[in-house]
Amino acid sequence: MRNKIFFRLAACAFVACMLTGVTPASAETHYKPHIAIGGHAGMTLSRMSFSPSVPQGWASGMTMGVQASYSEERLVGVVGELNFGQHGWKEQFDNNPGLSYSRTLNYIELPLMTHIYFGPSRCKFFFNLGPQFGYMVSSGISSNFDYANPASAGIASTRRVNQMKMDIKHKFDYGITAGLGVEWWAAPRHSLYVEGRFYYGLGNIYASSKADEFSASRGMSIYVTAGYNFRLK
């Protein structure tokens with residue numbers, strides 16, 4: 001049931017993104033279209049939605065990328081980005097506080113979002129919403145114990161541990177992303193902005209049949225970025 005709801009939300013977000021970027025040719029407008037390009041960088045906080053659950057915390061990483069935006073209607077536009085983002089998870093060991101394990105998943109990401117902005121001409125607030133697609137280009141594990149043999153580190157046999165050593169099955173990811181931010185125009189063509197964004201993945205990184213270890217292994221991430229935009233038109 002949850003999968004159906006998320007798929008419907010993803011479809012609605014995608015349709016909204018596409019529709020807001022289209023203006024009928026016959027519509028009369030007094031708003032001058034704007035096109036801008038820019039770049040951004042920041043940090044990510046990530047974890048996984050495992051079912052059955054796994055004790056974990058937020059793993060930190062980095063993100064950076066380029067952005068292009070287009071607005072043909074006042075207050076509404078579309079934004080596309082090409083990003084590099086680090087995601088993954090960090091295991092928690094409440095009974096073994098000296099142990100540490102984290103897994104980093106590196107993605108090339110493509111968010112396509114509706115961009116809604118409002119406020120004074122020099123300082124605008126904005127809201128972004130739309131689908132995001134990603135492809136895992138590499139991954140890495142950091143651990144201070146032999147995660148292939150967790151019993152040797154005193155980890156209880158009742159704890160789920162196979163996710164530490166399992167190979168990634170699905171490198172393609174997709175989901176929904178939404179963010180809030182503020183943009184300050186230092187000059188007519190130059191602006192700086194900060195944004196906080198949340199991403200919820202709908203794809204599993206591990207196999208998810210009834211015979212497999214997990215029925216769900218989806219990622220979720222928080223992004224905090226700062227960026228610069230240059231208005232071409």
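Being a predicted model, the structure only gives us computed values, none of them experimental. (Residues numbered from 1 in each chain as written. Predicted model: local features only at pLDDT ≥ 70, side-chain atom pairs only at ≥ 80, totals over all residues. Heavy atoms only, no water.)

**What about the overall build of the protein chain?**
To keep things clear, this is the line we draw: For helices the rule is a DSSP run of H or I covering at least 4 residues; for strands it is a run of E covering at least 2, with both sets numbered from the N terminus onward. Any residue under 20% of the maximum accessible area for its type is buried, any over 50% is exposed, and the rest in between are partly exposed; the area is computed with a 1.4 Å probe on protein chains only. Whether two residues are in contact is decided by their heavy atoms: any pair within 4.5 Å suffices. What sets the accessible areas is the Shrake-Rupley method with a 1.4 Å probe; for residues, cover comes only from the shown protein chains.
Along the protein chain, the regular secondary structure elements total one helix and nine strands. N-terminal to C-terminal, the α/β element order of the protein chain is α-β-β-β-β-β-β-β-β-β. Per-residue burial for the protein chain yields a buried fraction of 41% across its 233 residues. In the protein chain, 70% of the contacts between residues at least 6 apart in sequence involve partners at least 24 apart. Of the roughly 12,300 Å² of accessible surface on the protein chain, a fraction of 63% belongs to carbon and sulfur atoms.

**Thoughts on the pattern of salt bridges**
We apply this condition: The working definition used for a salt bridge is a side-chain nitrogen of Lys or Arg within 4 Å of a carboxyl oxygen of Asp or Glu.
One pass over the structure, following the stated rule, counts four salt bridges. A salt bridge links Arg 197 to Glu 81; the nearest nitrogen and oxygen atoms lie 3.0 Å apart. With Arg 197 in strand β8 (residues 190-201) and Glu 81 in strand β4 (residues 76-91), the pair connects residues that are 116 residues apart, well separated along the chain. Of the residues examined, Arg 197 reaches a relative accessible area of 9% and is grouped as buried. The closest approach of N and O atoms between Glu 91 and Arg 159, which form a salt bridge, is 2.5 Å. Taken together, the residues span a long stretch of sequence, with Glu 91 in strand β4 and Arg 159 in the loop between β6 (123-143) and β7 (172-187) at a distance of 68 residues. Like Glu 91, the residue Arg 159 is buried in the burial classification. Each of Glu 81, Glu 195 and Arg 197 takes part in one network of salt bridges that share partners.

**Considerations on the side chain of Asn 83**
Its place among the elements puts Asn 83 in strand β4. If we ignore the near neighbours within four places in the chain, the residues touching Asn 83 are His 40, Thr 63, Met 64, Gly 65, Val 66, Tyr 107, Ile 108, Glu 109 and Pro 111.

**Focus: the pairing of β8**
Threshold: A pair of strands is considered paired only if DSSP assigns at least 2 bridges between the two.
As paired elements, β7 and β8 share 12 bridges and run antiparallel to each other. What sits directly across from Leu 180, in β8, is Gly 196. As consecutive antiparallel partners, β7 and β8 are separated by two residues. For β8 and strand β9 (residues 216-231), the ladder comprises 11 bridges, and the chain directions are antiparallel. When the bridges of β9 are listed, Glu 195 appears paired with Thr 225.

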